[in-house]
Amino acid sequence: MTHQGEILQEAIKNSGISISRLVQELGITRPTIYRKFKETTLDYSFVKRVGEVIQHDFTNDFDTPVQSQLHFTPVPVTGTVPVRQHALQSVDQDPTKALLALQAKYIALLEAYNELLLKVYGPK
């Protein structure tokens, strides 16, 4: 049976939206999204954010108690990535979103730092 990470990966693949565009809009790194594909259970807020970007409703895809919280509001698809300033304004109004945005930035910095350490010192 497929787990939530695999379901997420398949939905992204079927959406036609590139991983590069997705991670840019989510404010995460490529390694982070690939790690999410391997997870058996995912945080519903992350799945909801992905669903909004790729315009996919995951409500019927997961058998979880938080399934009812996965309803999303479609974001109009344009040919370009939306301006980040608008996203930052809405984040400032919601403390939970602000915290998630900071967490994503922190994780991205940690991943970049770890990659730099591997380049400088090599694997142990």
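Everything below is about the structure shown above.
First things first, this report covers the structure right here in the doc. The model shown is predicted, which means the values in this text are computed figures rather than measured ones.

Cut-offs used in this document
Residues numbered from 1 in each chain as written. Predicted model: local features only at pLDDT ≥ 70, side-chain atom pairs only at ≥ 80, totals over all residues. Heavy atoms only, no water. Core = buried A, V, L, I, M, F, W, Y, C linked by side-chain atoms within 4.5 Å. Buried < 20%, exposed > 50% of the residue type's maximum accessible area, 1.4 Å probe, protein only. Helix = DSSP H or I, 4+ residues; strand = E, 2+ residues; numbered from the N terminus. Contact = heavy atoms within 4.5 Å. Salt bridge = Lys/Arg side-chain N within 4 Å of Asp/Glu carboxyl O. Arc of directions from axis to C-beta. 1 Å grid on protein atoms, 1.4 Å probe; cavity = no way out; pocket = protein on both sides within 12 Å on 5 of 7 lines; lining within 4 Å. Points joined across faces, edges and corners; volume = space filled by probe spheres on them. Nonpolar A, V, L, I, M, F, W, Y, C, P; charged D, E, K, R; others polar.

## Quick word on the nonpolar core
Part 1: If you look at the biggest cluster of nonpolar residues, it comprises 21 residues, and the most contacted ones within it are Leu8, Ile12, Leu22, Ile33, Val50, Ile54 and Phe58.
Part 2: Only helix H1 (4-15), helix H2 (19-26), helix H3 (30-38) and helix H4 (44-54) provide two or more residues apiece to this core.
Part 3: With 5 residues, H4 is the largest single contributor of residues to this core.
Part 4: Non-local contacts of Ile33, meaning those with residues more than four positions away in its chain, are made with Ile12, Ile19, Leu22, Val23, Ile28 and Phe46.

## Digging into the pattern of salt bridges
Part 1: Overall, the coordinates contain 2 salt bridges when judged by the stated rule.
Part 2: Note that Arg35 is salt-bridged to Glu111, the shortest N-O span being 2.3 Å. Residue Arg35 is located in helix H3, and its partner Glu111 is located in helix H6 (residues 95-121); the two are separated by 76 residues in the primary sequence.
Part 3: Arg35 sits in the partly exposed class, given a relative accessible area of 41%.

## Focus on H3
Part 1: Those residues of H3 lying buried are Thr32, Ile33, Lys36 and Phe37. For H3, the angular spread of the buried residues around the axis is 145 degrees, confining them to a single face.

## Section: the side chain of Glu111
Part 1: We classify Glu111 as buried; its relative accessible area is 11%.
Part 2: The residues contacting Glu111, other than those within four sequence positions of it, are Thr29, Pro31, Thr32 and Arg35.

## With respect to the layout of surface pockets
Part 1: Taken as a whole, the second largest pocket holds about 250 Å³ of empty space.
Part 2: Lys36, Phe46, Arg49, Gln103 and Ile107 are the residues nearest the centre of the second largest pocket, which is lined by 13 residues in total.
Part 3: By residue number, the principal contributor to the lining of the second largest pocket is H6, which donates 4 residues.
Part 4: In terms of residue class, the lining of the second largest pocket is made up of 5 nonpolar, 3 polar and 5 charged.

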